[in-house]
Amino acid sequence: MTYIIWPTMAEMVEQKEEISKHIFSLSGKKDFEIIPVITENWNDDLSPWPYEDKRSKFSGNGNSFLEKLLKQCREISMEKEDSLILVGYSLAGLFCLWAASRIDLFRGVASCSGSLWFPGFMDSKVFPKSRKVYLSLGDKESKTKHPLMSQVENISRIYSEILIKTNSYESVVFEMNPGNHFADVTERLAKGISALI
């Protein structure tokens, strides 16, 4: 069994069944379970370190949320052959890469349309301890006037190349999808998960 740990908002949990159907259609696999870990404070819980500008504030409570996530992982009754993967979308994608770099627990990590534009990300040397890494982005996500978010494609490409050059992973995938940040969220999550299981 593969347990898919999914940091997300409560309103997204109802998408579990749709994501599962996409995973099956892409991979043919049914031996998995999606386990949502709910955040009620998206910007605060999923930011690894604080950042604030005129538009947004991120409190950097990632460590506290990581403890909550690990508590849920410890409650899973795993057999020896079972495995965990970690998957997140947007800021949760950034959080997943960071979390997987701190703890050697996850076989794979997926950052789907991850917020790799987040200030300090490239300087923080985030190297996941997982065997597989999957990154994705929409091809219109960098087409924005926001000075930070407009860098997301360039940063994602550079980051994936850095990971590949380490020769530390069974696979590193960077995939572009059609559309903006909010297009086909469940499909993008399913593609990331399918690449890892």
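Before reading on, note that the structure itself is shown above.
For the structure given in this document, a descriptive report is provided here.

Definitions and cut-offs
Residues numbered from 1 in each chain as written. Predicted model: local features only at pLDDT ≥ 70, side-chain atom pairs only at ≥ 80, totals over all residues. Heavy atoms only, no water. Helix = DSSP H or I, 4+ residues; strand = E, 2+ residues; numbered from the N terminus. Rg over C-alpha atoms; globule rule 2.2 N^0.38 Å. Buried < 20%, exposed > 50% of the residue type's maximum accessible area, 1.4 Å probe, protein only. Contact = heavy atoms within 4.5 Å. Areas by Shrake-Rupley, 256 points an atom, 1.4 Å probe, with all protein chains shown as cover. Core = buried A, V, L, I, M, F, W, Y, C linked by side-chain atoms within 4.5 Å. Expected span 1.5 Å × (residues − 1). Pairing = 2+ DSSP bridges. Axes fitted to C-alpha atoms, helices over the stretch in contact; angles between N-to-C directions. 1 Å grid on protein atoms, 1.4 Å probe; cavity = no way out; pocket = protein on both sides within 12 Å on 5 of 7 lines; lining within 4 Å. Points joined across faces, edges and corners; volume = space filled by probe spheres on them. Nonpolar A, V, L, I, M, F, W, Y, C, P; charged D, E, K, R; others polar. Polar contact = N/O pair within 3.5 Å; in protein donor to acceptor, adjacent residues only side chain to side chain. Right-handed = clockwise from strand over helix to strand, strands pointing away. Salt bridge = Lys/Arg side-chain N within 4 Å of Asp/Glu carboxyl O.

Let's shift gears to the overall build of the protein. Of regular secondary structure, the protein possesses 6 helices and 8 strands. Sequence-ordered secondary structure for the protein, helices as α and strands as β, is β-α-β-α-β-β-α-β-α-β-β-α-β-α. What you see for the protein is a C-alpha radius of gyration of 16 Å, in line with the 16 Å of a compact globule of 197 residues. Seen through its C-alpha atoms, the protein measures out along the principal axes to roughly 45 × 35 × 35 Å. Within the protein, the fraction of its 197 residues that count as buried is 50%. Of the contacts formed within the protein by residues at least 6 apart in sequence, a portion of 70% connects residues at least 24 apart. Within the structure as shown, the protein displays about 9800 Å² of accessible surface, and the carbon and sulfur contribution to it stands at 49%.

Moving on to the nonpolar core. Core analysis: the biggest nonpolar cluster contains 40 residues, and I5, L69, L97 and F121 have the highest contact counts within it. For this core, the secondary-structure elements that each account for two or more residues are β1 (2–8), β2 (32–38), α3 (62–74), β5 (83–89), α4 (91–102), β7 (132–138) and α5 (152–165). If you tally residues by element for this core, the top one is α4, at 9 residues. Within the second largest apolar cluster, 18 residues are counted, among which are W6, V87, A110 and I193.

A rise of 1.5 Å per residue sets the reference length of helix α6 (residues 185–196), with its 12 residues, at 16 Å; its end C-alpha atoms lie 17 Å apart and thus fit the reference within 8%. Most of α6 is tucked away, with 9 of its 12 residues classed as buried.

Let us now look at the sheet that holds β1. Within the open sheet, the 6 strands sit side by side as β2-β1-β5-β6-β7-β8. Their pairing is parallel. Of all strands in the sheet, those bounded by a partner on one side alone are β2 and β8 (171–177). If you compare each strand with its neighbour and ignore which way they point, the axes differ by 15° on average. Inspection of the sheet shows β7 paired to β8 by 7 bridges, in the parallel sense.

Quantified by volume, the largest pocket comes out at close to 330 Å³. Lining the largest pocket we find 18 residues, and of these S90, S115, W117, M149 and H181 sit closest to its centre. Classifying every residue of the lining of the largest pocket gives 7 nonpolar, 9 polar and 2 charged. Space inside the second largest pocket adds up to approximately 190 Å³. If you trace the second largest pocket, you find 13 residues lining it, with M9, M12, W42, Y89 and V185 closest to the centre. Secondary structure elements with two or more residues in the lining of the second largest pocket: β1 and α6. Per element, the largest residue contribution to the lining of the second largest pocket is 3 residues, and it comes from β1.

Turning next to the environment of D139. Within the element layout of this structure, D139 appears in the loop between β7 and α5. Placed 41 residues apart in sequence, D139 and N180 show a C-alpha to C-alpha distance of 6.6 Å. With sequence-adjacent residues up to four places away left out, D139 is seen in contact with M176, N177, P178 and G179. Here the side chain of D139 touches G179 through a polar contact of 2.9 Å, landing on its backbone nitrogen.

We now examine the pairing of β2. Taking burial as the measure, the 7 residues of β2 include 5 buried ones, the bulk of the element. As judged from the 7 bridges shared by β1 and β2, these two strands associate in the parallel manner. Each residue of the ladder has a partner; that of T2, found in β2, is F32. Between the parallel elements β1 and β2, the chain passes through helix α1 (residues 16–27) in a crossover that is right-handed.

We now examine the pattern of salt bridges. Counting across every chain of the model gives 7 salt bridges. Of the charged contacts in the structure, one is a salt bridge between E17 and K21, with a shortest N-O distance of 3.6 Å. Here E17 and its partner K21 are both found in helix α1, 4 residues apart, which amounts to about one turn of the helix. In this structure K21 comes out as exposed when scored by relative accessible area, which is 56%.

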